[in-house]
Amino acid sequence: MGVRKDAAVAKERGTRARHRMSQPSSEPDEELMRALYREHAGPLLAYVLRLVAGDRQRAEDVVQETLIRAWKNAGQLNRATGSVRPWLVTVARRIVIDGHRSRQARPQEVDPSPLEVIPAEDEIDKALWLMTLSDALDDLTPAHREVLVETYFKGRTVNEAAETLGIPSGTVRSRVFYALRSMKLALEERGVTA
């Protein structure tokens, strides 16, 4: 007896909703929206959940958009014969498809938060360091400066620097040793410590 009663109540509700929607009205009313929601939101949500792979938030958004479109197009629904559910299902399916296509059409958004953690290189500090280094190099003798430039700044080996400068490799080693010691003292005078 309970199943028959439930079926009869559901049939009566559907008839009332179709009757309200078939009544001519110049403007959609709130009662129509409530009736659409009561009658179709649950089944529509179950259908859309399958379309969006169980994403409940997205499914609820699609159902809401579908019902709003139905409310805005009440005139079309009034002319429809029978149930409005096929129309709602079609609209919901198209909203899901459009959402999928729009996500495919635009590039994926990148989360900027990892970039905020990376410290930016301070160009002022780098410029000050280069000025101090250049100033300290000016305090060296030309012979010491040229061996440091060849070995440290140009990245040449001792033998390559010796060949470029036209001096023996032992002399390059010796000059590098004394040049580094002088450079250390010149930087300490300028407040740079190791």
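Computed from a predicted model, the values in this text were never measured in an experiment.

Moving on: the pattern of salt bridges. One pass over the full model with this rule turns up six salt bridges. Asp135 serves as the salt-bridge partner of Arg190, at 2.9 Å between the closest nitrogen and oxygen. Here Asp135 lies in helix α7 (residues 123-138) and Arg190 lies in the segment after α10 (169-189), a separation of 55 residues in the sequence. Relative accessible area serves as the criterion here: at 26%, Arg190 is assigned to the partly exposed category. For Asp135, a relative accessible area of 38% puts it in the partly exposed group. One continuous salt-bridge network, built from bridges that share partners, spans Asp135, Asp139 and Arg190.

When two helices pack together, their arrangement is given by the angle between the helix axes and the distance between those axes. The contact between helix α9 (residues 158-165) and α10 brings their axes to 8 Å, and the two run at 105°. Here α9 lies roughly perpendicular to α10, going by the angle between them. Listed contacts from α10 to Val158, Asn159, Ala161 and Ala162 of α9 are Ser169, Val172 and Arg173. A breakdown of the residues in the contact of α9 with α10 according to their chemical character gives four nonpolar, two polar and one charged.

Calculation criteria
- Residues numbered from 1 in each chain as written.
- Predicted model: local features only at pLDDT ≥ 70, side-chain atom pairs only at ≥ 80, totals over all residues.
- Heavy atoms only, no water.
- Salt bridge = Lys/Arg side-chain N within 4 Å of Asp/Glu carboxyl O.
- Helix = DSSP H or I, 4+ residues; strand = E, 2+ residues; numbered from the N terminus.
- Buried < 20%, exposed > 50% of the residue type's maximum accessible area, 1.4 Å probe, protein only.
- Axes fitted to C-alpha atoms, helices over the stretch in contact; angles between N-to-C directions.
- Parallel < 35°, antiparallel > 145°, perpendicular 65-115°, else oblique.
- Contact = heavy atoms within 4.5 Å.
- Nonpolar A, V, L, I, M, F, W, Y, C, P; charged D, E, K, R; others polar.

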